[in-house]
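Chains, contacts and geometry: an overview
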Amino acid sequence: MQQKNPPRRSVVSFIIASVCILAYIAALAYAAVKIYVSIDGYRGIAEQEFFKLADLASAAGVLGFMNEPFQEAVQDTLHKSKTLEGIIISGPNEEYAFERAADRAIAWNGDIPRFKSRPGVSGEPFHMPLRIEGQRNVTISAIYNYLDYEQLTRVLKFTLLVVLSALSLAFFTLMLEFLLGKNRAQPGAARNDPEEKPSPDFDEFANFETASPGVSGEEQDFSALEETLPGTGQFEAAPEDPRGLYTPRGNIGWEAYTQDRLSSEIHRCASFEQDLVFFVMELKIPDVPDTLYRRFADEAVDFFILRDLIFEKGEKGIAVISPNMDLDQGFAKSEEFHNRLLQSLPEFLTGRSDLCIGLSSRSGRLIDAERLQFEASQALRRALKDPVSPIVAFKSDPEKYRAFIASQNNQHP
C-alpha cells in the first residue's frame, strides 16, 4: 500500500538536492563568464601594447634599423609588457626574433624564427607594417598571452569553494537521512505507519498458490490452518544468546535477528517502491544432523548470494529475505532452489516433499515484518501438510487487504 504523501525527510532531501544542483550550475556559469570576460579584456590589453610597441619600433628606427639601441628598446618594451610573449620583425633580407622568456615563444627552423603554439597563447599573432626611413617591406608580428593567471586562480578558488560547500551539504544530508532511517529500523523506534498485526482471519483477502498444476489461486480458509506443526510457528529468539553476525551451526544469520532485519528491508523497499519476498523453508526429515544443515545453509548462501539476508529458523529451517523481487519471481526462484537442493543432496533428500518452502511478498502493501513472517509461515505449514505441493506461496489481494486493514483500524482505533 503506497503512502499518499511522501515522508517529510524525503521532501527535505529533494529540496537540498535541488539547491546543491543549482549551486553547481551557478558556480560553473560564474566561472565561465568570468573567464570569458578576462580573456576578452586581456586581448584588448595585448592589442594596445602591440600598437604601442609598433610605434616605438618605428620611432627607434630613425636611430638605425636593428642596431643595438633599436634592439634594446624593443626588448625593454617587451619585458615591460603585461601580455606580449614574443615578437618577430621581418626586414628586407632577414627576420629578427625577441622573447620575453627564452625558448618559450620562438622556435627556429634553421635561421628562420617561427612562433610556438602552446596553451594560453594566441594562435593568430598580431601583424602590421613598420614605417622606417630607408627600409622597405618591414613588418612586425607578436603573439600574446590571453590568460590572466591571477584572475583565473581567484575564479577557480571561488568556484571550488561553492562546489565543495554544496557537496558537504549533500553529504551531511545523506548521512543524516541514513542515521534517521537506521533509528527507525531499530526495535521500539517510533513509527507513524498504522500497526498491522497478524490475525488468523485471512480468508477475507488471501489465497495460496502452489507448485502443483490446477490449484493455483484457489481460495483458502485460514481458520483451518490454526493447527501448529512442529517448527513452523512464529519466529522466536534463538535458544542461546547470539554472538557475532553468524551462527556456528550454519554460518548464517541468527534467528533472533530475522525480524529486525526484515523490518529494515521492508522500510527501505517501501521508500523506493520496490517489492520484497520473504521465504521460509524446512527439511521435512526426522533428524537433521549438523553436517546436513551446514550443507543446506551453504547451498542457500550460494544460491541467494547475500549471507546477511539469510537466517536460521528452528532446527531444520532457513529464512531468506529477497529485496526487489515480486512474488512470481520468488516462486520461480523457489522452484529453482528446490530442484538444485534435491540434486545436490540426493543421499538425504529422496523425495520432493523432503524440502518444503513457503513464501509471501510485500506486494505494494503497507505491511510490517511480523505479518509477513506470519504469512510465509502459514504457507510453509500448508506445504508441510501437502504431499504433492512442496512449495506454497501466500498471495494477497491488495484491494481486499486494504479493506481488511481499514476494518481492523476502525474496530481498534
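Use the structure listed above.
Notes on the structure in this doc start here. (Residues numbered from 1 in each chain as written. Predicted model: local features only at pLDDT ≥ 70, side-chain atom pairs only at ≥ 80, totals over all residues. Heavy atoms only, no water.)

Helices and strands together make up the secondary structure of the protein chain, namely 8 helices and 12 strands. Burial status across the protein chain gives 41% buried among its 413 residues. Accessible surface computed for the protein chain: about 22900 Å², of which carbon and sulfur atoms make up 55%. (Helix = DSSP H or I, 4+ residues; strand = E, 2+ residues; numbered from the N terminus. Buried < 20%, exposed > 50% of the residue type's maximum accessible area, 1.4 Å probe, protein only. Areas by Shrake-Rupley, 256 points an atom, 1.4 Å probe, with all protein chains shown as cover.)

The next thing to look at is helix α5 (residues 290–304). End to end, α5 covers 21 Å across 15 residues, agreeing with the expected 21 Å (1.5 Å per residue, within 8%). Along α5, the residues that are buried comprise L292, Y293, F296, A297, E299, A300, V301, F303 and F304. If you follow the buried residues of α5, they end up packed against β8 (276–283), β9 (310–313), β10 (317–323), α6 (327–344) and β11 (355–361). The first or second residue beyond α5 is I305, which carries a positive phi of 75°. (Expected span 1.5 Å × (residues − 1). Contact = heavy atoms within 4.5 Å.)

Right, let's get into the nonpolar core. Ranked by size, the top nonpolar core spans 31 residues in total, and within it F279, M281, L283, F296, F304, I318 and F337 carry the most contacts. Of all the secondary-structure elements, those providing two or more residues to this core are β8, α5, β10, α6, β11 and β12 (391–396). Looking at which element gives the most residues to this core, the answer is α5, with 8 residues. Counting 22 residues, the second largest nonpolar core, distinct from the first, contains F50, M66, I87 and F98. (Core = buried A, V, L, I, M, F, W, Y, C linked by side-chain atoms within 4.5 Å.)

All right, on to the pairing of β11 then. Most of β11 is tucked away, with 7 of its 7 residues classed as buried. Going residue by residue along β11, you find L355, I357, L359 and S361 tucked away on one face and C356, G358 and S360 tucked away on the opposite face as well. Here β8 runs beside β11; their pairing, made up of 7 bridges, is antiparallel. Across the sheet, the residue bridging to F279 is L359, located in β11. The pairing of β11 with β12 spans 4 bridges and is parallel. What sits directly across from L359, in β12, is A393. Considered for its hand, the β-α-β crossover made up of β11, helix α7 (residues 369–385) and β12 is left-handed. (Pairing = 2+ DSSP bridges. Right-handed = clockwise from strand over helix to strand, strands pointing away.)

Attention now moves to the side chain of E299. Looking at the element boundaries, E299 is found in helix α5. Excluding residues within four positions of it along the chain, E299 makes contact with F337, R340, L341 and S344.

Quick look at the packing of aromatic side chains now. Taken as a whole, this structure holds 9 aromatic pairs when the rule is applied. Where F50 meets F51, the ring centres are 6.0 Å apart and the plane angle is 50°; that geometry is what we call tilted. Looking at F50, the relative accessible area reads 2%, which means it is buried. Relative to Y144, the ring of F126 lies with its centre 4.8 Å away and its plane at 15°, an arrangement referred to as stacked. With F126 in strand β5 (residues 126–129) and Y144 in strand β6 (residues 139–144), the pair connects residues that are 18 residues apart, well separated along the chain. This pair shows no difference in class: F126 is buried, exactly as Y144 is. By way of ring pairs, the aromatic residues F50, F51, F126 and Y144 are connected into one cluster. Over the ring of Y293 we find R249; its NZ or CZ atom is 4.0 Å from the centre of that ring. Note that R307 overlies the ring of Y246, its terminal NZ or CZ placed 5.9 Å from the centroid. (Phe/Tyr/Trp six-rings, centres within 6.5 Å; stacked < 30°, edge-to-face > 60°. Lys NZ or Arg CZ within 6 Å of the ring centre and 35° of its normal.)

On the basis of which strands lie adjacent, the open sheet formed by 4 strands has the order β2-β1-β6-β5 and antiparallel pairing. Both edges of this open sheet fall to β2 (95–99) and β5, since each of them pairs with a single strand only. The sheet shows a mean angle of 15° between the axes of neighbouring strands, direction not considered. Bridge count for strand β1 (residues 84–90) against β2 is 5 bridges, and the pairing is antiparallel. Its bridge partner lying in β2, S90 is registered against E95. (Axes fitted to C-alpha atoms, helices over the stretch in contact; angles between N-to-C directions.)

Another point: unusual backbone geometry. Although it is not a glycine, N251 adopts a positive phi angle of roughly 60°. Along the chain, N251 turns up in the loop between β7 (206–210) and α4 (258–271). In the Ramachandran plot, I305 falls in the positive-phi region, its phi being about 75° despite a non-glycine side chain. The residue I305 is located in the loop between α5 and β9 in this model.

A full pass over the atoms with the stated rule returns 14 salt bridges. R340 is paired through a salt bridge with D302; the nearest N and O atoms lie 2.1 Å apart. Of this pair, R340 sits in helix α6 while D302 sits in helix α5, and the two are 38 residues apart along the sequence. Put simply, R261, E265, R268 and D308 are held in one network by salt bridges that share partners. (Salt bridge = Lys/Arg side-chain N within 4 Å of Asp/Glu carboxyl O.)

Inspection of the secondary structure puts P390 in the loop between α7 and β12. Accessibility expressed as a relative area gives 3% for P390, which makes it buried. Sequence spacing of P390 and L380 is 10 residues, and the spatial spacing of their C-alpha atoms is 8.5 Å.

Orientation of α4 relative to α7, taken along the N-to-C sense of each, is 110°, at an axis distance of 9 Å. When the interaxial angle is binned, α4 and α7 end up roughly perpendicular. Touching T258, Q259, L262, S263 and I266 of α4 are A369, E370, L372 and Q373, all from α7. Looking at the contact of α4 with α7 residue by residue, the class counts come to 4 nonpolar, 4 polar and 1 charged. (Parallel < 35°, antiparallel > 145°, perpendicular 65-115°, else oblique. Nonpolar A, V, L, I, M, F, W, Y, C, P; charged D, E, K, R; others polar.)

By themselves, these figures tell us nothing about what the structure is for.
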